[in-house]
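Now for the letters of each chain:
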Amino acid sequence: MKTSNFHKIMMLLLMLMVSGVGYAQTEIDGIWYNLDYTYGSEEPEAEVTSGDGRCYSGDIVIPSTVIYGGKEYKVTCIQGYAFRDCDNLNSVVISDNVKRIGQSAFSGCSNLSSMIISETVTNIDYYTFHGCSNLTSVVIPSSVTSIDFGAFADCRSLSSITIPSSVEYIGENAFSGCYMLESDFVNQSKCKCNFTAIDVEQKDGLLLKGNEVVGCRAWATSVTIPNSVTSIKDNAFYDCQKLISVEIPNSVTAIGDLAFGKCKSLASVNIPNSVTSIGWGTFKDCSGLVSVTIPNSVTTIGEYAFYACSSLTSLSIPSSVTSVGGYAFWYCSSLAYVSIPTKIKGLEYGAFNGCKAIRTVYMGADTKMSDVFGIEVSRNITSVVIGESVTSIGNEAFSHCESLTSVSIPNTVTSIGASAFSGCI
């Protein structure tokens, strides 16, 4: 019986290998491929891949064929996410054998300025060029019949696009955030995105619509938002990787979700006291952000607001804040000091998870440390000062704080829960 099962397993593995289900990632002339990939052909084919997360840079030419082990393969496909977030990718030329470009294949390639799409591609997939903020012009070949959801969304420098009559369908939000395009660039009967002309003013690197900031030019390094502006829209500065500084006036009352997401060069931000909330992912992935001033006007900090701001060293949350969303400061890996105010009622799980450098905490609220910081971070905290408004310390509040050497408990505390300091060796 054992021998029979073994033979069955070996036969199954052999069949998988022969059928090409198990692809081998292979590098050929600086480009990674899945060899023996099949896209509707019995001939040997190859698919361009990311090479297990490697990032491409410079100028890439995808060839018609590649030779490996004495065998020739047609390059017929670019895998989904293959070039995603390759910030140093400048240009791509796609050969005439490529039939398919996968979902989000070039999403987030913020320096991609030139793209030549082959005449054999029939569909522009979901989010294929999303966030290519430096892309200025695109010519879509006559072989293409459909452009899917979000295909060119947030290509904020895109000012010229040629769409052939062969295109029968344009998906929702295909050109959302492409504020440089004119309304007559596409046949409206084919467009499901309700695209309309947007009266956008360009000023010192900003894209302004009325009293709103709707976008930023990819080359902008320092911007001053005019006093006439009252809101910064969602994704307005998203992926503006050259942006170093921004001055936000007191006239601004709202900053949208992901407004400054992925602004990797942004070093410091002063949020004016006219702003009452920091939204979802507002400063997400701002890896160069060293300091941020949160004013007393802010009452809520949303989920992922400062996610992966890996250069942020200290943080004082003002007493006006009553809630901090989940993962708001997740993996702020340089954060060493945190001050949490008294009035916070909602401090969601994992708000400071992954902040391995935190050693000192001012805690103005009764909460369980491992819920807020995660067990791994809690083990590294050495000192805690409890705010004078705190009246109780809950069960297991400081459990897992193995490195804790100093705790200051005020006279206002009247009860300490079970196992509150369990394991504080």
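Above this text you will find the structure in question.
Now for a look at the structure at hand.

1. What to know about the overall build of the protein
And then number 1: Secondary structure assignment for the protein yields two helices and 34 strands.
And then number 2: Within the span of the protein, comprising 425 residues, buried residues form 49% of the whole.
And then number 3: Within the protein, residue pairs in contact and separated by at least 24 positions form 31% of the contacts whose partners lie at least 6 positions apart.
And then number 4: For the protein, the accessible area works out to roughly 19,100 Å², and carbon and sulfur atoms hold 48% of it.

2. Section: the side chain of Ser143
And then number 1: Within the secondary structure, Ser143 sits in the loop between strand 11 (137–139) and strand 12 (146–147).
And then number 2: Polar side-chain contacts of Ser143 include one of 2.6 Å to the backbone oxygen of Val121.
And then number 3: Not counting the four nearest positions on each side in its chain, Ser143 is found in contact with Ser118, Glu119, Thr120, Val121, Thr122 and Ser166.

3. Here's the deal with helix 2 (residues 369–378)
Residues separated by three or four positions in an α-helix point in the same direction, a consequence of the helix having 3.6 residues per turn.
And then number 1: Extensive coverage of helix 2 is indicated by the burial of seven of its 10 residues.
And then number 2: Every buried residue of helix 2 is listed here: Met369, Ser370, Val372, Phe373, Gly374, Val377 and Ser378.

4. Topic: the sheet that holds strand 4 (residues 58–62)
And then number 1: Strand order across the open sheet formed by three strands is 4-7-9, with parallel pairing between neighbours. Bordering the open sheet on either side are strand 4 and strand 9 (114–116), each of which pairs with just one other strand. In this sheet, neighbouring strand axes are inclined to one another by 10 degrees on average, regardless of whether the strands run parallel or antiparallel.
And then number 2: Of the pairings in the sheet, the one linking strand 7 (residues 89–94) to strand 9 comprises three bridges and is parallel in character. When the sheet's bridge partners are listed, Val93 is paired in strand 9 with Ile116.

5. Remarks on the pattern of salt bridges
And then number 1: A full pass over the atoms with the stated rule returns 11 salt bridges.
And then number 2: With a shortest N-O distance of 3.8 Å, Lys233 and Glu212 are connected by a salt bridge. Placement of Lys233 in the loop between strand 19 (231–232) and strand 20 (245–247) and of Glu212 in strand 17 (residues 212–216) is noted, with a sequence separation of 21 residues between them.
And then number 3: Residue classification places Lys233 among the partly exposed positions, given a relative accessible area of 35%.
And then number 4: Of the charged contacts in the structure, one is a salt bridge between Glu402 and Arg379, with a shortest N-O distance of 3.5 Å. Residue Glu402 is located in the loop between strand 32 (392–393) and strand 33 (406–408), and its partner Arg379 is located in the loop between helix 2 and strand 31 (383–386); the two are separated by 23 residues in the primary sequence.
And then number 5: For Arg379, a relative accessible area of 37% gives the class partly exposed.

6. Here's the deal with the environment of Tyr73
And then number 1: Relative to the elements of secondary structure, Tyr73 occurs in strand 6 (residues 71–78).
And then number 2: Taking the C-alpha atoms as reference points, Tyr73 and Pro44, 29 residues apart in sequence, are found 4.9 Å from one another.
And then number 3: Those residues in contact with Tyr73, other than ones at most four positions away along the chain, are Leu35, Asp36, Pro44, Glu45, Ala46, Ser64, Thr65, Val66 and Tyr68.

7. Here's the deal with the state of the cysteines
And then number 1: Within the structure shown, the criterion is met by zero disulfides.
And then number 2: The thiol of Cys109 is unpaired, and the distance to the nearest cysteine sulfur, on Cys86, comes to 5.1 Å.
And then number 3: For Cys109, a relative accessible area of 0% puts it in the buried group.
And then number 4: Left unpaired, Cys286 is separated from the closest cysteine sulfur, that of Cys309, by 5.1 Å.

8. Re the packing of aromatic side chains
And then number 1: Taken as a whole, this structure holds 19 aromatic pairs when the rule is applied.
And then number 2: Aromatic pair Trp280 and Tyr304: ring centres 5.4 Å apart, planes at 45 degrees, arrangement tilted. Of this pair, Trp280 sits in the loop between strand 23 (277–278) and strand 24 (291–293) while Tyr304 sits in the loop between strand 25 (300–301) and strand 26 (314–316), and the two are 24 residues apart along the sequence.
And then number 3: By relative accessible area, Trp280 is classed as partly exposed at 35%.
And then number 4: A residue is classified by how much of its surface remains accessible, and Tyr304, at 21% relative accessible area, is partly exposed.
And then number 5: Pairing Phe398 with Phe421 gives two aromatic rings, centres 5.0 Å apart and planes at 0 degrees, and the pair type is stacked. Residue Phe398 is found in the loop between strand 32 and strand 33, and its partner Phe421 is found in the segment after strand 34 (415–416); the two are separated by 23 residues along the sequence.
And then number 6: By relative accessible area, Phe398 is classed as buried at 3%.
And then number 7: Members of the aromatic cluster, connected to one another through ring pairs, are Phe237, Phe260, Phe283, Phe306, Phe329, Phe352 and Phe373.

Cut-offs applied
- Residues numbered from 1 in each chain as written.
- Predicted model: local features only at pLDDT ≥ 70, side-chain atom pairs only at ≥ 80, totals over all residues.
- Heavy atoms only, no water.
- Helix = DSSP H or I, 4+ residues; strand = E, 2+ residues; numbered from the N terminus.
- Buried < 20%, exposed > 50% of the residue type's maximum accessible area, 1.4 Å probe, protein only.
- Contact = heavy atoms within 4.5 Å.
- Areas by Shrake-Rupley, 256 points an atom, 1.4 Å probe, with all protein chains shown as cover.
- Polar contact = N/O pair within 3.5 Å; in protein donor to acceptor, adjacent residues only side chain to side chain.
- Pairing = 2+ DSSP bridges.
- Axes fitted to C-alpha atoms, helices over the stretch in contact; angles between N-to-C directions.
- Salt bridge = Lys/Arg side-chain N within 4 Å of Asp/Glu carboxyl O.
- Disulfide = S-S within 2.5 Å.
- Phe/Tyr/Trp six-rings, centres within 6.5 Å; stacked < 30°, edge-to-face > 60°.

Any functional reading would require information that these geometric values do not contain.
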